[in-house]
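# Working through the structure, step by step
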Amino acid sequence: QKEVEQNSGPLSVPEGAIASLNCTYSDRVSQSFFWYRQYSGKSPELIMSIYSNGDKEDGRFTAQLNKASQYVSLLIRDSQPSDSATYLCAVIMYSGGGADGLTFGKGTHLIIQP
Amino acid sequence: ETGVTQSPTHLIKTRGQQVTLRCSSQSGHNTVSWYQQALGQGPQFIFQYYREEENGRGNFPPRFSGLQFPNYSSELNVNALELDDSALYLCASSFSLGEQYFGPGTRLTVT
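These figures come from a predicted structure and were not determined experimentally.

Let us look at the sheet that holds strand β7 (residues 64-68) of chain B. Residue and element names in this part refer to chain B. Pairing is antiparallel in the open sheet, where 4 strands are placed in the order β1-β3-β8-β7. Of all the strands in the sheet, just β1 (5-7) and β7 have a single pairing partner and so form its edges. The mean inter-strand angle of the sheet, taken between neighbouring strand axes irrespective of direction, is 20 degrees. Here 5 bridges tie strand β3 (residues 19-24) to strand β8 (residues 74-78), and the two strands are oriented antiparallel to one another. The partner of Arg 22 across the bridge, within β8, is Glu 75.

See below:
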């Protein structure tokens, strides 16, 4: 069964520190990887997409992908209280019939302590 | 640029009834995907529509069906509602298999 695994947390990080969120996936042929942020009662908001091995930086966010280890992570530098949310890792997995839409992990609840 | 919109925002239905949820895709997008999110869980893929045809489907029964219209807007229909169908229903639009952007969702409660 194709799965995306995340530690549900909560992950508590002091304000100004680096928050590190991790995700593993089971499907070796996955090609597209995404991080979404979801505030309580709201819909997911796309933060980062990454398609090739290595790091991708966008402002305070860095996504890291290691396809050999089937591992994708999100680093948030200079964490702010407004970063407190649930972070969802999502992967597009492929079957014989084509793409199967986004497969999500259960999300990691991040708390930034002032 | 108009984002993804969904209607209604909230809905209460009785078990056994039918419901239709609506979604308008973001300008320039041609693909709509629907997800169900139960409390405390990640969204679960229901199905995806591209060029007015179902392009992929998750592990949901046939009583979950949909449509996509020529303007790329979409409907999700659920027949014979069950209590477990209570969830946040999310629509996401994209250009083909690119990045998916979510609408605000419809909160469905089945009593």
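Let's shift gears to the sheet that holds strand β7 (residues 61-66) of chain A. All names here are of chain A. The strand order across the open sheet formed by 5 strands is β1-β3-β8-β7-β6, and the pairing between neighbours is antiparallel. Since the sheet does not close on itself, it has two edges, and those belong to β1 (4-5) and β6 (54-58), each with one partner. Bridge analysis of strand β3 (residues 19-25) against strand β8 (residues 71-76) gives 6 bridges, and the strand direction is antiparallel. Pairing of Leu 21 across the sheet is with Leu 74, part of β8.

For side chains bearing opposite charge, pairing can occur when the charged atoms are close. Residue and element names in this part refer to chain B. Applying the stated rule across the entire model yields 7 salt bridges over all chains. As a salt-bridge pair, Arg 22 and Glu 75 come within 3.5 Å of each other at their nearest N and O atoms. Of this pair, Arg 22 sits in strand β3 while Glu 75 sits in strand β8, and the two are 53 residues apart along the sequence. The exposure class assigned to Arg 22 is partly exposed, which follows from its relative accessible area of 42%.

Let's shift gears to unusual backbone geometry. Cis geometry marks the peptide bond from Gly 9 of chain A to Pro 10 of chain A; its omega dihedral reads 10 degrees. Mapped onto the elements of the fold, Pro 10 of chain A is located in the loop between β1 and β2 (11-14). Ser 7 of chain B connects to Pro 8 of chain B through a cis peptide bond whose omega is -10 degrees. Inspection of the secondary structure puts Pro 8 of chain B in the loop between β1 and β2 (10-13). Here Gln 70 of chain A, not a glycine, exhibits a phi torsion of approximately 55 degrees, which is positive. You can see Gln 70 of chain A is positioned in the loop between β7 and β8. For Gln 70 of chain A, a relative accessible area of 11% translates into the label buried.

Next up on the list: the interface of chain B and chain A. Between chain B and chain A, the residue contacts involve 18 residues of the former and 19 residues of the latter. Taking both sides of the interface into account, the surface hidden between chain B and chain A amounts to around 1400 Å²; carbon and sulfur atoms contribute 56%. Looking at the side of chain B facing chain A, the largest losses of area belong to Leu 97, Glu 99 and Phe 102 of chain B, adding up to 31% of the total buried there. Where chain B packs against chain A, one counts 0 salt bridges. Run the count over chain B and chain A and you get 5 residue pairs in polar contact (both at pLDDT 80 or more).

As a further point, take the nonpolar core. If you look at the biggest cluster of nonpolar residues, it comprises 24 residues, and the most contacted ones within it are Trp 35, Val 72, Leu 74, Ile 76 and Tyr 87 of chain A. Listing elements by their share of this core, those giving two or more residues are β3, β4 (32-38), β5 (45-50), β7, β8, β9 (85-95) and β11 (108-113) of chain A. Ignoring sequence-local partners within four residues, the contact set of Tyr 87 of chain A consists of Gln 6, Leu 21, Trp 35, Tyr 36, Arg 37, Ile 47, Leu 74, Ile 76, Gly 107, Thr 108 and Leu 110 of chain A. Of all hydrophobic cores here, the second largest spans 19 residues; its members include Val 19, Trp 34, Val 78 and Tyr 89 of chain B.

On to the state of the cysteines, then. Under the criterion given, the structure shown has 2 disulfides over all chains. Note on cysteine connectivity: Cys 23 of chain A is disulfide-linked to Cys 89 of chain A, with sulfurs 2.1 Å apart. Here Cys 23 of chain A and Cys 89 of chain A share a disulfide; its torsion about the S-S bond, -70 degrees, makes the bridge left-handed. Residue Cys 23 of chain A is found in strand β3, and its partner Cys 89 of chain A is found in strand β9; the two are separated by 66 residues along the sequence. With a relative accessible area of 1%, Cys 23 of chain A lands in the buried category. The class of Cys 89 of chain A is buried, set by a relative accessible area of 0%. Shown here is the disulfide that connects Cys 23 of chain B with Cys 91 of chain B, its sulfur atoms set 1.7 Å apart.

Thresholds applied
Residues numbered from 1 in each chain as written. Chains lettered and ligands numbered in written order. Predicted model: local features only at pLDDT ≥ 70, side-chain atom pairs only at ≥ 80, totals over all residues. Heavy atoms only, no water. Pairing = 2+ DSSP bridges. Helix = DSSP H or I, 4+ residues; strand = E, 2+ residues; numbered from the N terminus. Axes fitted to C-alpha atoms, helices over the stretch in contact; angles between N-to-C directions. Salt bridge = Lys/Arg side-chain N within 4 Å of Asp/Glu carboxyl O. Buried < 20%, exposed > 50% of the residue type's maximum accessible area, 1.4 Å probe, protein only. Contact = heavy atoms within 4.5 Å. Buried area = accessible area lost by both parts, 1.4 Å probe. Polar contact = N/O pair within 3.5 Å; in protein donor to acceptor, adjacent residues only side chain to side chain. Core = buried A, V, L, I, M, F, W, Y, C linked by side-chain atoms within 4.5 Å. Disulfide = S-S within 2.5 Å.

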